[in-house]
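As a plain string of letters, each chain reads:
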Amino acid sequence: MLNLAGQPRARLGSWPTPLEECPRLSAALGGPHLWVKRDDLTGLALGGNKVRKLEYLLGAAIRRGADTIITTGGPQSNHARLTAAACRRLGLDVTLVLSGFSEGPLTAFQGNLLLDHLFGARVITLEDDSDEAVEAALAEEVANLTRRGRRPYIIPLGGSNAVGNLGYVGASLEIAAQAAAEGVDFDHVFVTTGSGGTHAGLHLGLAGYMPRTRVHGVTISREPVASAARVAAMAGETAALLGLDPEATPPPLVHGGYVGDGYAVPTPAGWEAILLAARTEGLVLDPVYTGKALSGLIGLIREGTFPPTSTILFVHTGGAPGLMAQAEGLRDHLGESRRETRLEPGNGGSPP
Ligand SMILES: *Cc1c(COP(=O)(O)O)cnc(C)c1O
């Protein structure tokens, strides 16, 4: 069975995160019973899924004697922000290589980028976002640090590798225990599939702890076939790290059709999902990851994929700082529907 006990782990988050029912969202969709796993509330620096991965990644880095962590992502990377905060908590230095740094809303001093500087990370920006350019920048930073007698440790994009994915094997056990305590039996679990480690960890973990439950990813970047292949490969590597048969898990399921014009480019359906979750349940989703993932779940519900009696868990992986960085997009989407009344002398602010 799955046993995480021997794995080095740094304590960073607050566990367990809440498991909450979403009756108003379920009613609004006229369908299945929806629940949410609040991994936006993982406790560190505005929260999110990367905290679970970083507990294992930084546990491994510390065991190796590392004193400086290097990682990479886009200008509004939640993973980079949480890596910076986690390093501060553990007394480590941190360099962030942020690629795709061109003019536009995502490179404004807002959201995650603001927080990266708040935590005092060394930020290296690259206009180019090709793998080659990023690899070269990472290698150069490793060489710089090593020359100065430092001991660098690289965490990959999104914290997704066999070690990081252990965080979501652990989350699977947490979900299984909470579901049992609540007396709820999930037919399906939905998660965002980005770099894929969260999905891979849940795929492996829930196959062990809740074998009747089907795990679904909604891709927010790669094509679904490529995304599923990546998740399968990572689930295998994670299984191997735990001494299990890497071939034993079934193929992962990734839904496509919700990316829109590209990674980090908001979609109308994503904005609609964000507004629905906010206005029915007071949840804060984001336009890059969780909004698109929920738009996928909503799309499948509207196509009649799940009977109204089914019970579905949506894993909220965080991302709220990324919403702040896309304020203009949200304002444009809301347009004239914003409910805003300026209090003028005489009108008493009475509703229209
Ligand atoms: C990174 C991230 C994801 C995707 O997780 P992966 O493990 O990279 O697939 C989903 N939601 C948010 C908010 C994230 O920051």
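The shown structure was predicted, so the numbers you read here are calculated from the model rather than taken from an experiment. (Residues numbered from 1 in each chain as written. Predicted model: local features only at pLDDT ≥ 70, side-chain atom pairs only at ≥ 80, totals over all residues. Heavy atoms only, no water.)

### Here we look at the sheet that holds strand β8 (residues 214-219)
By definition, the strands of a sheet pair up through backbone hydrogen bonds, in either a parallel or an antiparallel sense. What the 6 strands build is an open sheet, ordered β1-β2-β10-β7-β8-β9; its pairing is mixed. Of all strands in the sheet, those with a lone pairing partner are β1 (19-21) and β9 (253-255), marking the two edges. Put simply, the sheet's adjacent strands are angled 30° from each other on average, direction ignored. In the packing of helix α7 (residues 197-209) onto the sheet, contacts are made with β7 (188-193), β8, β9 and β10 (311-316), and the angle to β8 comes to roughly 170°. Those strands touched by helix α10 (residues 290-302) are β2 (33-38), β7, β8, β9 and β10, and its axis lies near 165° from that of β10. (Pairing = 2+ DSSP bridges. Helix = DSSP H or I, 4+ residues; strand = E, 2+ residues; numbered from the N terminus. Axes fitted to C-alpha atoms, helices over the stretch in contact; angles between N-to-C directions. Contact = heavy atoms within 4.5 Å.)

### Regarding the sheet that holds strand β4 (residues 93-98)
As summarised here, the arrangement of the 4 strands in space is β5-β4-β3-β6, forming an open sheet in which the pairing is parallel. Unpaired on one side and paired on the other, β5 (122-125) and β6 (152-154) mark the two borders of the sheet. Across the sheet, the mean angle from the axis of one strand to that of its neighbour is 20°, orientation sign disregarded. Taken together, the 3 bridges between strand β3 (residues 68-73) and β6 define a ladder with parallel strand orientation. By the bridge assignment for β6, Ile 70 is matched with Ile 154. Sheet contacts for helix α3 (residues 78-90): β3 and β4; angle to β4, the most-contacted strand, approximately 170°.

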